[in-house]
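# Coordinate analysis (summary)
As a plain string of letters, each chain reads:
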Amino acid sequence: MNVSATAPYSLIQTENYKFVKKQVNDIRRRQRILSEKQNILFEDTENMSVADLEFITKQKDASFGENIFTGQKSWKFFTELNKDIPEHFIVHRMCIDGKLAAIHFGFQSKDTVYYYIPCYDASFKGAGQILLLHIIEKAMADGKKCFDSLRGEESYKFNFCDRIAGNFTLTAFPLKKTNKLRLFFYRAGRFVLGKMLLGGSV
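Residues numbered from 1 in each chain as written. Predicted model: local features only at pLDDT ≥ 70, side-chain atom pairs only at ≥ 80, totals over all residues. Heavy atoms only, no water.

### Let's talk about the overall build of the chain
Short version of the rule: Secondary structure elements follow DSSP: runs of H or I of four or more residues count as helices, runs of E of two or more count as strands, with numbering from the N terminus. Three labels apply to residues, based on accessible area from a 1.4 Å probe with only protein chains included: buried if under 20% of the type maximum, exposed if over 50%, partly exposed otherwise in between. Contacts: residue pairs with any heavy atoms within 4.5 Å of one another.
Within the chain one finds 5 helices and 7 strands. What you see in the chain, going N to C, is helices and strands ordered as β-α-β-α-α-β-β-β-α-β-β-α. In the chain, which comprises 202 residues, the proportion classed as buried is 36%. In the chain, the proportion of contacts linking residues at least 24 apart, taken out of those at least 6 apart, comes to 69%.

Shown next, in the form of structure tokens:
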């Protein structure tokens, strides 16, 4: 068994929950300056609209090219999922002067908010981080106990998350004599690769 990915998270209702104060204060400062000149509106809902999917597709296409939102097959999947489990679906929007600037859709349980697909318009600098801070503060106000940013080691997540969980890969072999050699070379291969990555001789 090995860790295939890390998943930063935070227990946001505990007294020892810590975020990176300097970064969060900077986000709050940017939000305050922005709100002095423009109208900022946050929307939190369980319902995803076609306009939301269009916005996500446009921004993801611009940033990454073809992706899972390109074309409308995935639209149907997420729309039907939203209808099937609306109580576990969560959509956060941030509008600036009536224009959608950032959006996130994810999932929620009784105690946890799962940060799944964030997206923002690059012409609104800092909108994604401002929305993320709103999501966490909203979760705290709603009595959620955990904010789970799911897998991924993006640096911005660690401004808000002070704990790390792991996604594990488990490789299993049937208990047969013929598989003992496979298991040996599998273990040996991982040992050699680890030495190559970490340095040192084998």
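Now that the structure has been shown, we can carry on.
### Here's the deal with helix H4 (residues 127-141)
The condition that has to hold: One less than the number of residues in a helix, times 1.5 Å, gives the span that helix is expected to have.
Between its terminal C-alpha atoms H4 stretches 21 Å, which fits the 21 Å expected from 15 residues at 1.5 Å a residue. Every buried residue of H4 is listed here: Ala 127, Ile 130, Leu 131, Leu 132, Leu 133, His 134, Ile 135, Ile 136 and Ala 139. Check the buried side of H4 and you find it contacts helix H1 (21-37), strand S2 (40-45), strand S3 (89-96), strand S4 (99-108), strand S5 (112-120) and strand S6 (146-148). Directly beyond the C-terminal end of H4, a positive phi value near 85 degrees is found at Gly 143.

### Topic: the pairing of S3
Quick reminder of the rule: For two strands to count as paired, DSSP must find a minimum of two bridges between them.
Extensive coverage of S3 is indicated by the burial of 8 of its 8 residues. On S3, burial covers both faces: Phe 89, Val 91, Arg 93 and Cys 95 on one face and Ile 90, His 92, Met 94 and Ile 96 on the other are all buried. Relative to S4, S3 is paired through 8 bridges, and the arrangement is antiparallel. Directly across from Phe 89, in S4, lies its bridge partner Phe 107. A loop of 2 residues connects S3 with S4, the two strands running antiparallel in sequence, and Asp 97 in this loop sits at a positive phi of about 50 degrees.

### Looking at the packing of aromatic side chains
How we decide: Geometry of aromatic contacts follows a simple scheme: Phe, Tyr and Trp rings, the Trp one being its six-membered ring, pair when their centres are within 6.5 Å, and the pair is stacked under 30 degrees between planes, edge-to-face over 60, tilted otherwise.
Across all of its chains, the model carries 9 aromatic pairs by this definition. Seen in terms of ring centroids, Tyr 115 and Phe 147 are 5.7 Å apart; in terms of plane orientation they differ by 50 degrees. Their pairing is tilted. Remark: Phe 147 occurs in strand S6 and Tyr 115 occurs in strand S5; sequence separation between them is 32 residues. Site record: aromatic cluster; members linked through ring pairs are Phe 77, Phe 78, Phe 89, Phe 105, Phe 107 and Tyr 116.

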